[in-house]
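Structure at a glance
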Amino acid sequence: MMKTLRQSTLDTMGLGNVIDIFKNGTMPARTEDLVDEVFGKSSDRGAFVISGANGIVGAGKTMQIGSRLLSYDVPIVALDFPGAQDGIGMQYKGLEGSFGPRNAMDIMSNVIRMHYDGNRLPAKLKSMNPRFLLEAIPEILEVKKKHYSVFRESFPSVEIRSVTSGFPSSELGVGIAHPAFPHQINKIWEIVEDKPSAVTRLFWSLGMIPLEVGDYWSFILDVLFCGITHASLQYHHASNMPVWKIDKYVRRQFGPNPFRAHDAIGAKGANFLTWSCLHHLAEHYGELFRPTDELTYRKDSGQNWYPLNHFRPLVNWTLTESEEDEMKTWILGPLVQMTSLMLHEQRGHLSHINAIGEICAQFRSGILAMIRKIGADEAISRVETYHKLCPSAGGGCWYPEVLKKIEEPEWQQLYVNAEHDGTVGLISINRESYNSDVDAELNRAIDWLKAESIDRVILSGDFHIATQLVGADTSEFYPALHDEKSGYAISLNWSRTARRFNDEFNVSVGFINGKRCLGGMLELMMHCHYLVANEATQVGMPEVTLPVIPGMEGCHWPFRKAESSDWPKLFELLLTGKAVGSKDAVGWLVDYSGSIEDCLKTVWDIASGGDHNLSQRKIKSESMKMAISEFGLPDSGNSAFEASRKAIMQCVQNACQASLDEAVTVQAKHSAEFMKSDLCRFGVIGADAKKVLTV
């Protein structure tokens, strides 16, 4: 009998649970089949048309989707007005950088450019047999509706999706595929449709991240991003603080720079889109969303928010503690209120809402994780205080009761889910970087499986939101740059969580899929009894390049599982920071690497007790002596890099010479001491911390 801690996000696309992928030994959807379903069989393949293809959205998506469909012989038709700026041509250098000159040329060669006048489609388009239209024309409702009518008159069965930032599907009469910026690389799409479609599953199979959301005015990303911009403008009006200074505080408190982002996207278009979303939201939900006069002015003028550097004041200042807390209320209050509206309307799976805030709106923690951390009472209090500062916002769309559900699994497991079939459990992670939220959720997922009497477990990414596992979220280390106790606690607690996969299950199997698995995420995975990796995956330990000392037992755990003859390979991994292909790591870090189908079968055979012909590499619990000088690498010529290498080697020696029980505290101490050193404070993490925290 299948049980899940909370609904799988894959299930929202009709793709089932993650554990089913392992049980069935195959992915739940094949690109080849879905291309045939959407575009027709190879003998009668229809075209993918992008209208408004020279705009910032259209050009980015032409490249992103065109590169993925190239090998499937799907013609890409880029449709726009004759006088439109050549947005597609501007993408070419980026294509060359990503794919190389030859592949970039192949992608461009498959893009057929056509022009029209907005009323009549090109006659030659008929021969291309359009099967799917992605509409990316300006945000004018009647123009969009007319555009669909023109297409449907000529191609009645064409599938249509709009990239609109604000209009619901019910107004447009077509489905929504709203992409996140930057459009050529961000894989998130907010999908609005009656039921999960072949188009959505095709996007997923092509390596993109479609997230099903509800059909309401504006979408989750725009409510959050436009919402934080609007809140910042309200504070600007109340305090007269310049927007560039507000950006600094918002970045420190929440993560994004809303005003700089508008300028980076292109103020003229971005100002209009933000104004349009807020205007329509205000018409339907009230004064909470009403655009400020300054936004309306900038919408009309297209003016940048940031002045030239030499016009900014040379004298800096900071807010007092109470002043900064009031500013936080101006920003967090409306964000919580807007989130309560989205929860009340059930706009999406809670993990979707949270991930969109992090991945797309650049919140350091997703809005739901942020609310969960401060607690429902504090969140409600912030909104109530905000209403005293801005009484007009308190007139509607405030649903504090939805925040009272914060103890339910959907709230508590935003990043980590657990499933089981009565015998084998599955824990999946949907956040690409490890932080304290992931750590807490992992422990809750393990506790749930143990309470369900599950002693065989698979640890994996979620095959959806997390397309790679890149290591620790280094913003977690900011306090440790000045507080050794903080660094020690992070290393010790995260290591203890990882050890649970070794200590508390009879069988544990880590599976690495996606592009790469690095740093802390790899350290987590290597604690499983077996480690299996897709042959297309890279594994690595980049800590020396930051620099930090690996804090989740990477300085001794892999050595305890490897033969001493393989230790030089581990040292090279640790002391160069270079990743290796998973097939090259078999035997000394990875236990099996192969095709995705072979890996899925192997993982299931191990977890379920089937035949797999793999020997478990046992962890050595006793002290291990090593002559550390034997494993040095040629001098890099960089004194800071050499000092980092030396610190890592010293940690390896001390942790390996301790017993397994003692090593966890030995490594935590080394990691914490190093984070407080000048090498770390003036390295990548220290520089990032200074940029984020300095106002």
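Computed from a predicted structure; not experimentally measured.

**Topic: the overall build of the protein chain**
- Helix and strand content of the protein chain: 28 helices and 20 strands.
- Its C-alpha radius of gyration of 26 Å places the protein chain within 12% of the 26 Å reference for a compact globule of 695 residues.
- By principal-axis analysis of the C-alpha atoms, the protein chain measures approximately 75 × 70 × 55 Å.
- Each of the 695 residues in the protein chain was classed as buried or not, and the buried ones make up 61%.
- For the protein chain, the proportion of contacts with a sequence separation of at least 24, taken over those separated by at least 6, is 75%.
- If you sum the accessible surface of the protein chain, you get close to 27,500 Å²; carbon and sulfur atoms cover 50% of it.

**Considering the domain arrangement of the protein chain**
- What the domain assignment lists for the protein chain is domain 1 (46–212), domain 2 (220–410) and domain 3 (415–693).
- Placing a centre on the C-alpha atoms of domain 2 and another on those of domain 3 gives a separation of 36 Å.
- Taken residue by residue, the interface counts 15 residues in domain 2 and 13 residues in domain 3.
- Summed over both partners, the interface of domain 2 with domain 3 buries about 1,100 Å², with 41% contributed by carbon and sulfur atoms.
- When the buried area of domain 2 at its contact with domain 3 is split by residue, R251, R364 and R372 rank highest and sum to 41% of it.
- Across the contact surface, domain 2 and domain 3 share four salt bridges.
- The residue R431 makes a salt bridge to E358 at a minimum N-O spacing of 3.2 Å.
- For the pair domain 2 and domain 3, the number of links is eight residue pairs in polar contact (both at pLDDT 80 or more).
- Elements that contribute at least two residues to the side of domain 2 that touches domain 3 include exactly α10 (243–253), α15 (350–360) and α16 (367–374).
- Broken down by element, the residue count for the side of domain 2 that touches domain 3 peaks at six residues, all from α15.
- Tallied by class, the residues present in the side of domain 2 that touches domain 3 amount to three nonpolar, five polar and seven charged.

**Observations concerning the sheet that holds strand β18 (residues 538–540)**
- Strand order in this open sheet of three strands is β16-β18-β19, and the pairing throughout is mixed. Since the sheet does not close on itself, it has two edges, and those belong to β16 (516–518) and β19 (580–581), each with one partner.
- Examined bridge by bridge, β18 and β19 share two bridges and lie antiparallel to one another. Looking at the pairing, V539 lines up with V580 of β19.

**Considerations on the packing of aromatic side chains**
- Overall, the coordinates contain 19 aromatic pairs when judged by the stated rule.
- Pairing F259 with W305 gives two aromatic rings, centres 5.1 Å apart and planes at 50 degrees, and the pair type is tilted. Of this pair, F259 sits in helix α11 (residues 258–265) while W305 sits in the loop between α13 (293–301) and α14 (321–344), and the two are 46 residues apart along the sequence. Taken as a pair, F259 and W305 share a single burial class, namely buried.
- Taken together, a centroid distance of 4.9 Å and an interplanar angle of 65 degrees make the contact between Y434 and W494 edge-to-face.

**Details of the sheet that holds strand β20 (residues 592–594)**
- Ordered in space as β1-β10-β11-β13-β15-β17-β20, the seven strands form an open sheet in which the pairing is mixed. Among the strands making up the open sheet, the edge pair consists of β1 (3–4) and β20.
- Relative to strand β15 (residues 507–512), strand β13 (residues 456–461) runs parallel, the two being bridged by five bridges. Considered in β15, the bridge of L459 is made with G510.

**Notes on α15**
- Burial within α15 is extensive, with ten of its eleven residues counted as buried.
- Where α15 ends, the next residue or the one after it, Q362, has phi of about 70 degrees, a positive value.

Rules and cut-offs
- Residues numbered from 1 in each chain as written.
- Predicted model: local features only at pLDDT ≥ 70, side-chain atom pairs only at ≥ 80, totals over all residues.
- Heavy atoms only, no water.
- Helix = DSSP H or I, 4+ residues; strand = E, 2+ residues; numbered from the N terminus.
- Rg over C-alpha atoms; globule rule 2.2 N^0.38 Å.
- Buried < 20%, exposed > 50% of the residue type's maximum accessible area, 1.4 Å probe, protein only.
- Contact = heavy atoms within 4.5 Å.
- Areas by Shrake-Rupley, 256 points an atom, 1.4 Å probe, with all protein chains shown as cover.
- Domains from an automatic or database assignment.
- Buried area = accessible area lost by both parts, 1.4 Å probe.
- Salt bridge = Lys/Arg side-chain N within 4 Å of Asp/Glu carboxyl O.
- Polar contact = N/O pair within 3.5 Å; in protein donor to acceptor, adjacent residues only side chain to side chain.
- Nonpolar A, V, L, I, M, F, W, Y, C, P; charged D, E, K, R; others polar.
- Pairing = 2+ DSSP bridges.
- Phe/Tyr/Trp six-rings, centres within 6.5 Å; stacked < 30°, edge-to-face > 60°.

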